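What follows is each chain in one-letter form.
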Amino acid sequence: MRCARRSIARSARRRGAEIRNWLHKRREYSRSASEAPDTESGLASTNGVFTKCEGCGQPIYEKELKARFNVCPHCQFHYPLPAPERVRLLADEGSFSERDAGMTAGDPLGFEDYREKLESAHEKTGLDDAILSGVARIGGHPVALAAMDFRFIGGSMGSVVGERITRTVEAAHDGGLPLVIVSASGGARMYEGIYSLMQMAKTSVALSRYMTGSSPYVSVLTDPTFGGVTASFGTAADVVIAEPGARIGFAGARVIESTTKERLPEGFQTAEFQKEHGLVDRIVHRLELKDDLERFLGFLT
Amino acid sequence: MILEFEKPVRELEARIAELHRLAGPNAELQEEISRLEDALDAAKRRIYSNLTPYQRVQVARHPDRPDFDRYRDALADDFYELSGDRLGADDPAVRGGLAKIGSRSVVLLGHEKGDDVNSRVKSNFGMAHPEGYRKAGRLYDLAERLELPIVSLIDTPGAAPARAAEERGQAWAISADLMALARVPVPVVAVVIGEGGSGGALAMCLADHVVMLENSYLSVIAPEACASIIFRDEKRAPEAAEAMKITARDLLAHGIADEVLPEPLGGAHNEPEAAVEAVVRAIEGTLSKLSRLGPESLVKNRYERYRRIGTHVTEGEMAGTRGPGE
Ligand SMILES: [Zn+2]
């Protein structure tokens, strides 16, 4: 009895600390976000000021959502985060230096509608492709950093994503830097056919060589990450971190259901599910992610 | 099984067989037979030399197509099979072990599709679970330790899309194989003998030399799935197969495959001995070439081989890079 009471008290204390920490973070992020340019949250807006949360159904003040890097203030639901916001979340202020900007997709197969898709994705996001990459500092630690963007054709991996990931890995290799890649991807970019499949091989040869060294690779998996990205650099990491509730897997639930007629359990392929199955190391709240990475990197310097 | 486009050929063959049975010494019928045989020959040439990409996919999936066992028997006098992933399971969809090809010992592995209802179900139609990829990974390690070349025979619709596969880390198992193949310091030769379905195929064909049989294919996604996602209509699979450039000749042109082996007219299933023989010769030739390279050159060449593949366009640069060979 006493033992149980003590543990309840302990967990209440911990919870209290968590909440204080939260409030502190929230203020901190609100401050920095107000100076940032507006970016699309990726959410359906009800009236431009409030949006209804997919997770809890409560109205969220859009500005607040943005200030919290697209995490619902009520239920902590993590919405997809645009790559520039991700970089702003993780990199020390002013430390990010983009590399390989201006690299765009070719249309190797002349695939129907691909050009239009690329153009509208570019217009929507302002990005050249589904990725932002470069070097930065996280808590003072220099790192090579790449972040994918789900808004750009579903974060699909074509030649640009493959090449920029590879160059980021090579920069880490050459500079002896820790490597951090944040993934968000529906999988391969079918419009590039075999070239998209081969990006898995390309990123793997680079990563495999990098990992013969002694610098760490941390992969952060966000909602959703599937297919060719999980089956290559997404999971081949020293440390695999996932955001709460992120759906992560190889084949999507719908494909599995329609192929095998299996009934999938509640919470199938969520970050929590994958952690329970021993595949993910840590589940880290987005607003804790920078601190978490700093802590990890701190062990290695 | 008779493929739709093969029907005229099969009908002619049936008529010829029937006439043979009836003819005996009848000269008139003999003449008719030889006329039909000419027609058969012409029909075969007409149909088989102009297969569309999607028809080739169907040939690649043909149940009578020579499979792992068939090639293994032709390749190796002795095959010393090894089982299991050493983590709790053995996946019948992936086979592997030690084999002696000519005077050379190798680690031979490949997909198993099964050849009757029971074995097909047991091997999940060649769609491996994580255990299969971990078994492959274990064999890559073994090849490295024993300094033996790796020869893999690819024939899979793809990695199993299944609940159990996800629960046991399908993506993790595949990425581990890619990482292992990327740095294994022994020659790696891959032959796509049938279907090369996506990551499930790539986990066994990141190689120094990729051989494809003429009617095999290698694709990021099955044409049916591509059609249903991009065209929102599975029936447009033939168009998707065409658009994605997945045939052996396309991949050779794009520098992804290094060598295409012509198949007997109508596909490997019509004359398996010839197809098997061509594969055996290609593997022997490749192994002998690669055996001249040291471990460092092998890994370095493999790096560069894959490093080049991409079609991105960089500002200030002329154009994106292409695959090797371009
Ligand atoms: Zn909510």
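What you see is a predicted model, and the numbers here were worked out from it, not measured in a lab.

Draft legend 1. Focus on helix α7 (residues 227-234) of chain A. Most of α7(A) is tucked away: eight of the eight residues are buried. Those residues of α7(A) that sit buried are A:G227, A:G228, A:V229, A:T230, A:A231, A:S232, A:F233 and A:G234. Where the residues of α7(A) are buried, they touch β6 (141-148), α5 (159-175), β7 (179-185), α6 (193-210) and β8 (217-225) of chain A together with α8 (170-183) of chain B.

Draft legend 2. Representation of the coordination of the zinc ion within the structure. Residues and elements named next belong to chain A. Taken together, the protein ligands of the zinc ion are C53 (SG), C56 (SG), C72 (SG) and C75 (SG), with distances of 2.2 to 2.4 Å. Because the angles between the four donor atoms bound to the zinc ion fall within 107 to 112°, the donor set is best described as tetrahedral. Sequence spacing of the donors to the zinc ion: C-x2-C-x15-C-x2-C. Of the two residues, C56 sits in the loop between β1 (50-52) and β2 (59-61) while C75 sits in the loop between α2 (62-67) and α3 (83-90), which places them 19 residues apart along the sequence. A residue is classified by how much of its surface remains accessible, and C56, at 30% relative accessible area, is partly exposed.

Draft legend 3. Structural detail: the interface of chain A and chain B. Residue-level contacts link 62 residues of chain A with 51 residues of chain B. Interface of chain A and chain B: buried area, both sides summed, is about 4,800 Å²; carbon and sulfur atoms make up 69% of it. Summed over the three residues of chain A that lose the most area to chain B, namely A:M190, A:Y195 and A:F250, the buried surface amounts to 15% of that side. One salt bridge in this structure joins B:R307 and A:E170, with 2.7 Å as the shortest N-O distance. At the junction of chain A and chain B, the tally comes to 20 residue pairs in polar contact (both at pLDDT 80 or more). Mapped onto the side of chain A that touches chain B, the elements with two or more residues apiece are β4 (104-105), α5, α6, α7, α8 (253-260) and α9 (271-276) of chain A. It is α6(A) that contributes the most residues to the side of chain A that touches chain B, 16 residues altogether.

Draft legend 4. Local environment of the environment of B:E315. Residue placement: B:E315 occurs in the segment after β9 (312-313). Residues B:E315 and B:L261, 54 residues apart in the sequence, show an inter-C-alpha distance of 39 Å.

Draft legend 5. Spotlight on the environment of A:G158. All names here are of chain A. Its place among the elements puts G158 in the loop between β6 and α5. A relative accessible area of 0% places G158 in the buried class. For G158 and F299, which are 141 residues apart along the polypeptide, the C-alpha to C-alpha distance reads 34 Å.

Draft legend 6. Summary view of the domain arrangement of chain B. Residue and element names in this part refer to chain B. Split into domains, chain B comes out as domain 1 (4-50) and domain 2 (57-308). If you average the C-alpha positions of domain 1 and of domain 2, the two centres end up 36 Å apart. Taken together, the contacts link six residues of domain 1 with seven residues of domain 2. Sorting the residues of domain 1 by area buried against domain 2 places F5, E6 and Y48 first, and these three jointly supply 63% of that buried surface.

Draft legend 7. Molecular detail of the pattern of salt bridges. Tallied over the full model, the rule gives 43 salt bridges over all chains. With its nearest N and O atoms 2.9 Å apart, the salt bridge here joins B:R21 to B:E18. With B:R21 and B:E18 both in helix α1 (residues 7-23) and three residues apart, the pair spans about one turn of that helix. Residue B:E18 is classed as partly exposed on the basis of its relative accessible area of 36%. B:E195 is the partner of B:K113 in a salt bridge, and the nearest nitrogen-oxygen pair spans 2.7 Å. Here B:K113 is found in the loop between β3 (104-111) and α5 (117-122), whereas its partner B:E195 is found in strand β5 (residues 188-197), with 82 residues between them in sequence. Via salt bridges that share partners, A:D100, A:E163, A:R167, A:E170, A:K202 and B:R307 belong to a single interconnected network.

The rules behind these values
- Residues numbered from 1 in each chain as written.
- Chains lettered and ligands numbered in written order.
- Predicted model: local features only at pLDDT ≥ 70, side-chain atom pairs only at ≥ 80, totals over all residues.
- Heavy atoms only, no water.
- Buried < 20%, exposed > 50% of the residue type's maximum accessible area, 1.4 Å probe, protein only.
- Helix = DSSP H or I, 4+ residues; strand = E, 2+ residues; numbered from the N terminus.
- Contact = heavy atoms within 4.5 Å.
- Donors = N, O, S within 2.8 Å, 3.2 Å for Na, K, Ca; no water.
- Tetrahedral: all angles 85-135°; square planar, octahedral: opposite > 155°, others 65-115°.
- Buried area = accessible area lost by both parts, 1.4 Å probe.
- Salt bridge = Lys/Arg side-chain N within 4 Å of Asp/Glu carboxyl O.
- Polar contact = N/O pair within 3.5 Å; in protein donor to acceptor, adjacent residues only side chain to side chain.
- Domains from an automatic or database assignment.

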